[in-house]
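# Topology and contacts: notes
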Amino acid sequence: MAFLESPEFGVGDFILLEKVTELDFLANMKLRFQKDRIYTYIGETLVSVNPYKLLNIYTENEVKEYRGRQVFERPAHIYAIADAAYQSMLRRRQDSCVVISGESGAGKTEASKIVMRYLSAVTRHSSQKEIERVNGLLIDSNCVLEAFGNAKTTRNDNSSRFGKYMDINFDFKGDPLGGHISNYLLEKARVVSQQRGERNFHIFYQLLMGKDAALLKALHLEADPGSYVYTCAGGAANCQVAGIDDKKNFQEVRSAMNAIGFQPEEQQVLWRLVAATIHLGEVQLTSADDGEKSVVKNPAQLKVIAELLGTDSAVIEKALTVKLVTRKQEVIETFHKFEKALFAREALAKVFSGVYFWHSLLELDYF
């Protein structure tokens, strides 16, 4: 039997509306939202509305209420969907999937974390350290993914700028054994350009605001995002966002990396790549030889980038100012004009972002 909510909270399942019209649908959703009922069913589909505030509806009591229950036995909740998927997998011995979709700011990232926390709670056994380890890895991985793939937009302070598919594997008892995360469509364009009121990926600000003086000195950086082109394109005033503690988040990312299994040397490689991207935005290009050639105005900046990448500054300069044209078996070098050199600089920054983002994901295998 379905659980019936009080009429003051509207209708908990849209298919039970007396009139199924757009106006009635929106009116019911508005009423429930005003009463902090952010979840409503449409049959076995759950509609979620971002409350933009913390709600005390994800406690241990809620876990106990929804664990092992049928979907409609309790009020609409994301725990009910998570439990239904989990129980279906156990009963049928088949793969089960939760699809989370919505526009930017709808709460997809938070929803995925809530599902993972629920699965962690219902599979937690104090005597099984391996299960606790895998659960911890699954939760910690979100911290790393958000740092390298999320950013502040005009609609959301923690918007995922990539798609992801998270695969969690369980044994015959329903205990998690491991998993992996794959991604697609990383918004690399954000690295070199942001709209007014937006920020670059979180990791840039976390690194700069992390207050690790020794690390910043080694990377030739200052603790001021407003000083760099690639971190203040959206406006220097937006480099620091109320409600986002970049220093604290940076410490959490480093802790999560250690938990996931990043070696210190691997972490240093990531920081060098992030720093090289920031420094690349400071490279100044200008035209020479009647506009037929581009040159670097501040070659000292190339030496910094080359040091971070473990190469020679001439290699970086050539990548920015020279293009290779292959004709049959012959390779011809020609110089970039100013506009093409700027494009080459941005393309190289996007390549760097793809490298360290993919590298961070390579570590996210939990077997």
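Residues numbered from 1 in each chain as written. Predicted model: local features only at pLDDT ≥ 70, side-chain atom pairs only at ≥ 80, totals over all residues. Heavy atoms only, no water.

### Overview of the overall build of the protein chain
Helices and strands together make up the secondary structure of the protein chain, namely 12 helices and 10 strands. Along the first, second and third principal axes, the C-alpha set of the protein chain runs to 80 × 50 × 50 Å. In the protein chain, of all internal contacts separated by at least 6 residues, the share reaching a separation of at least 24 is 60%. Carbon and sulfur atoms make up 52% of the accessible area of the protein chain, which totals about 19,700 Å². (Helix = DSSP H or I, 4+ residues; strand = E, 2+ residues; numbered from the N terminus. Contact = heavy atoms within 4.5 Å. Areas by Shrake-Rupley, 256 points an atom, 1.4 Å probe, with all protein chains shown as cover.)

### A look at the pairing of strand β2 (residues 45-48)
Examined bridge by bridge, strand β1 (residues 39-42) and β2 share four bridges and lie antiparallel to one another. Along β2, the bridge assignment pairs Tyr-39 with Ser-48. Between β1 and the antiparallel strand that follows it, β2, lie two residues; Gly-43 among them carries a positive phi value of about 65°. (Pairing = 2+ DSSP bridges.)

### Some points on the packing of aromatic side chains
Applying the stated criterion across every chain, the model contains six aromatic pairs. Ring centres 5.3 Å apart and planes at 75° place the aromatic pair Tyr-41 and Phe-72 in the edge-to-face group. With Tyr-41 in strand β1 and Phe-72 in the loop between α2 (60-66) and α3 (78-92), the pair connects residues that are 31 residues apart, well separated along the chain. An aromatic cluster of at least three residues, connected via ring pairs, comprises Tyr-58, Tyr-79 and Tyr-118. Here Arg-37 stacks its cationic end above the ring of Phe-9, 3.6 Å away from the centre of that ring. (Phe/Tyr/Trp six-rings, centres within 6.5 Å; stacked < 30°, edge-to-face > 60°. Lys NZ or Arg CZ within 6 Å of the ring centre and 35° of its normal.)

### Considering the pairing of strand β10 (residues 330-335)
Taken together, the six bridges between strand β9 (residues 322-327) and β10 define a ladder with antiparallel strand orientation. Bridge pairing in β10 links Thr-326 to Val-331.

### Examining the environment of Tyr-39
Mapped onto the elements of the fold, Tyr-39 is located in strand β1. A relative accessible area of 5% means that Tyr-39 is categorised as buried. Along the chain, Tyr-39 and Tyr-228 lie 189 residues apart, while their C-alpha atoms are 42 Å from each other. Contacts of Tyr-39, omitting those with residues within four sequence positions, involve Arg-32, Leu-46, Val-47, Ser-48, Ile-57, Tyr-58, Ala-76, His-77, Ile-78 and Ile-114. Polar contacts involving the side chain of Tyr-39 include one to the side chain of Tyr-58, which spans 2.7 Å. (Buried < 20%, exposed > 50% of the residue type's maximum accessible area, 1.4 Å probe, protein only. Polar contact = N/O pair within 3.5 Å; in protein donor to acceptor, adjacent residues only side chain to side chain.)

### A few points about the side chain of Arg-32
Locating Arg-32 in the fold gives a position in helix α1 (residues 22-34). Side-chain polar atoms of Arg-32 contact the backbone oxygen of Tyr-39, separated by 2.8 Å.

### Quick look at helix α11 (residues 313-321)
For α11, the set of buried residues is Ile-316, Leu-320 and Thr-321. Taken down its axis, α11 places every buried residue within 115° of arc, on the same side. N-capping of α11 is provided by Asp-312, with a side-chain oxygen placed 2.8 Å from the backbone N of Ala-314. (Arc of directions from axis to C-beta.)

### Here's the deal with the packing of helix α6 (residues 202-209) against helix α8 (residues 246-260)
One way to put it is that α6 packs onto α8 with a least axis distance of 8 Å and a crossing angle of 100°. Compared by their axis directions, α6 and α8 come out roughly perpendicular. Only Asp-246, Lys-247, Asn-249, Phe-250 and Val-253 of α8 make contact with α6, whose side of the interface consists of Tyr-205, Gln-206, Leu-207 and Met-209. Considering only residue class, the contact of α6 with α8 consists of five nonpolar, two polar and two charged. (Axes fitted to C-alpha atoms, helices over the stretch in contact; angles between N-to-C directions. Parallel < 35°, antiparallel > 145°, perpendicular 65-115°, else oblique. Nonpolar A, V, L, I, M, F, W, Y, C, P; charged D, E, K, R; others polar.)

### Notes on the packing of α6 against helix α9 (residues 264-280)
Geometry of a packed helix pair, given as the angle between the helix axes and the separation of the axes. Contact pair α6 / α9: the axes reach a minimum separation of 11 Å and the direction vectors enclose 100°. The angle between the axes of α6 and α9 places the two elements in the roughly perpendicular class. Every residue of α9 that contacts α6 at Ile-203, Phe-204, Leu-207 and Leu-208 is listed here: Trp-271, Val-274, Ala-275, Thr-277 and Ile-278. Of the residues contributing to the contact of α6 with α9, the split by class is eight nonpolar, one polar and no charged.

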